[in-house]
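# Survey of secondary and tertiary structure
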Amino acid sequence: MENHDASIQTASAKHPIVPLEKGQLYKYGTAGFRMKADLLEGVSFRVGLLASLRSRKLNSQAIGVMITASHNPACDNGVKIVDPLGEMLEQDWERYATALVNAPSDAELVNVYNKLATELKIDLKAPAKVVYGRDTRPSGHTLVTALADALEATKTEYVIDGTLVVDCANGVGGPKLAEFLKYIPKDKVNFDVKVANDNVVRPEVLNLDCGADYVKTKQRAPPNPKPHPGVRCCSFDGDADRLIYYWVDPESGFVMLDGDRISSLAASFIGDLVESAGLKNELRIGVVQTAYANGASTNYITQHLKLPVICTPTGVKHLHHVAQGFDIGVYFEANGHGTVLFSPDALTAFQTTEPQSPAQKDALDTLAALGDLINQTVGDALSDMLMVEVILAHKQWTLRDWAMTYADLPNRLVRVEVGNKDLFATTDAERRLSHPEGAQEEIDQAVKKYKDARSFARASGTENACRVYAEAATRSEANELAERVARIIERYGSAQ
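Scope of this entry: the structure provided in the associated data block.

Procedures and definitions
Residues numbered from 1 in each chain as written. Predicted model: local features only at pLDDT ≥ 70, side-chain atom pairs only at ≥ 80, totals over all residues. Heavy atoms only, no water. Helix = DSSP H or I, 4+ residues; strand = E, 2+ residues; numbered from the N terminus. Rg over C-alpha atoms; globule rule 2.2 N^0.38 Å. Buried < 20%, exposed > 50% of the residue type's maximum accessible area, 1.4 Å probe, protein only. Contact = heavy atoms within 4.5 Å. Pairing = 2+ DSSP bridges. Arc of directions from axis to C-beta. Phe/Tyr/Trp six-rings, centres within 6.5 Å; stacked < 30°, edge-to-face > 60°. Lys NZ or Arg CZ within 6 Å of the ring centre and 35° of its normal. Axes fitted to C-alpha atoms, helices over the stretch in contact; angles between N-to-C directions. Salt bridge = Lys/Arg side-chain N within 4 Å of Asp/Glu carboxyl O.

### Details of the overall build of the chain
On a plain count of helices and strands, the chain comes out with 16 helices and 19 strands. The C-alpha atoms of the chain give a radius of gyration of 26 Å, which matches the 23 Å a tight globule of 496 residues would have. Seen through its C-alpha atoms, the chain measures out along the principal axes to roughly 90 × 55 × 55 Å. For the chain, buried positions account for 52% of its 496 residues. Long-range contacts, defined here as pairs at least 24 residues apart, represent 69% of the contacts in the chain between residues at least 6 apart.

### Focus on the pairing of strand β6 (residues 164-167)
Residue alternation in β6 divides its side chains into two sets, L164 and V166 and V165 and D167, and both sets are buried. Taken together, the four bridges between β6 and strand β7 (residues 193-196) define a ladder with parallel strand orientation. Its bridge partner lying in β7, V165 is registered against K194. Relative to strand β8 (residues 232-236), β6 runs parallel, the two being bridged by four bridges. In the sheet register, D167 faces β8, and the bridge partner there is S235.

### Topic: unusual backbone geometry
That bond from N224 to P225 is cis: its omega, -5 degrees, falls within 30 degrees of zero. On the secondary structure map, P225 appears in the loop between α7 (212-218) and β8. A positive phi angle, near 55 degrees, is found at N59, a position not held by glycine. One non-glycine residue, K306, lies in the positive phi region at around 60 degrees. Relative to the elements of secondary structure, K306 occurs in the loop between α9 (295-304) and β12 (309-312).

### Describing helix α11 (residues 344-352)
For an α-helix, the turn length of 3.6 residues means that residues three or four places apart are oriented alike. Those residues of α11 that fall on the buried side of the exposure criterion are A346, A349 and F350. Summarising the axial view, the buried residues of α11 lie within an arc of 100 degrees, below the 170-degree limit, and thus occupy one face. Summarising the geometry of α11, the exposed residues directed more than 90 degrees from the buried face are P344, D345, Q351 and T352. Elements in contact with the buried residues of α11: β13 (328-332), β14 (338-342) and α12 (358-373).

### Section: the packing of aromatic side chains
Remark: the centre distance and the inter-plane angle together describe each pair of aromatic rings, the angle taken between the planes. A complete count under the given rule lists nine aromatic pairs for this structure. Between F342 and F350, the aromatic rings sit 5.9 Å apart at their centres with planes inclined by 80 degrees, giving edge-to-face as the arrangement. A relative accessible area of 4% means that F350 is categorised as buried. Members of the aromatic cluster, connected to one another through ring pairs, are Y292, F456 and Y469. Across from the ring centre of W93, 4.8 Å away, lies the NZ or CZ of R54, which sits over that ring.

### A word on the sheet that holds strand β10 (residues 253-257)
Taken in spatial order, the five strands make up an open sheet running β7-β6-β8-β9-β10, and their pairing is mixed. The open sheet has two edge strands, β7 and β10, and neither has a second partner. Sheet twist, expressed as the mean angle between neighbouring strand axes with direction ignored, is 25 degrees. Relative to β10, strand β9 (residues 243-249) runs antiparallel, the two being bridged by five bridges. Directly across from D249, in β10, lies its bridge partner G253. Sitting on the sheet, helix α6 (residues 173-181) is in contact with β6, β7 and β8, with an inclination near 155 degrees to β7. Lying over the sheet, helix α13 (residues 381-395) contacts β6, β8 and β9, oriented at roughly 50 degrees with respect to β9.

### Observations concerning the pattern of salt bridges
Scanning the entire structure with this criterion turns up 23 salt bridges. For D149, the salt bridge goes to K14, with nearest N and O atoms at 3.4 Å. Of the two residues, D149 is situated in helix α5 (residues 140-153) and K14 in helix α1 (residues 5-14); the sequence distance between them amounts to 135 residues. Taking relative accessible area as the criterion, K14 reaches 53% and is therefore assigned exposed. Residues D249 and R400 are paired through a salt bridge, measuring 2.6 Å at the closest nitrogen-oxygen approach. A residue pair is termed long-range when its members are at least 10 positions apart, and D249 in strand β9 and R400 in helix α14 (residues 399-403) qualify at 151 residues. D249 sits in the buried class, given a relative accessible area of 9%. Each of the salt bridges in this network shares a partner with another, and the network as a whole consists of R415, E417, E463 and R467.

Keep in mind these numbers describe shape, not what the thing actually does.
Pasting the structure below:
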């Protein structure tokens, strides 16, 4: 039997149970455990243990945990378990919940957990899966953290079904998103969105300490609203044509999912659907990137997804034009600006292909729906956000699952002031310098000194400066390579 003892005891110590008055017990009822929120942190942790046992008992089916107190005041909260078909927890298990939650110490909690596993003949090595959600009560963050720690301690896979915080950069996206959300039927679609930074009355706050460009360039979440660990977040820019996702991991901190990640997510999902729809040999799928795309994303798309990648000069007009050459063309700049294009032939195939199985019909219907959902005319952060949310829901992925598809190569972008930017001309989709003569050869020699490295320089379109991009296997090597190439550019840029 798998032993979770040490991890449970360590995690439980972080979320202690609050002792009740003598003679009183926590009791699991129709609403689960529901009471004042300040009593529930340890309860939530222990419910997580029970949910993992319940999943393993039911042959690894997904078990739900909902953190809510329904119509109660905001100072209350509750934790309840939902069985695989959406029904209430089996009544016999209510006493198991009561036994676990009332264990008087961390050590006794481990004993009760193991005793239940033995009595119920539960294989603790079996996979377990829990889907959890919460309402908007302030206490929900603490209770979700405790629940997640229990699932981590018992090696239980979990999916977060919770709030999406959308930073609208105090731009046009705020009122438009708020208006759109009025049309979402809450009783049919579980899409809980909190709109943030939507002040369009004061023009001076547009993109101020918020928005997609802030997140991408500063490599951190906007200060408002304060980011909470584990909460799914995304940012538009001021005119709502860029999209960046991110979250704060309780252990590793800020994690960003930029345009490269959105591109690979869309390409992966659509590629799988096209294969399931029986159209793999009829429709050509491709991905378009710029030189600023992380090399790890390019390798993931070409080596793992087995899809072609074409690199173009920077600028959406270049990417859009090349993407039109595919039946399905996916393009996003690293800054989050992009979309997916479907050719008329592809859209017709989704509608007219005769399905030979329910699975094929489902794939065709989903592709047709994506064609309706995605704004193919121009980069549209709202449409792109809905696409990402649909894909994550279909895959039952958290942002952590998405981030684990590949590891970004460490990179560095450096601005170098030069005497005359017009001395610098590029070729090969801006990845190599054709002028001044000799500069590219020196860059090539610098790149050879580092593992998994590449670097390029290009003149700015708006300033008398060049931008140097470098990536390598480690952060220190990427920084060192960027500085080396910056010195090369500085030297050639000051030559008369």
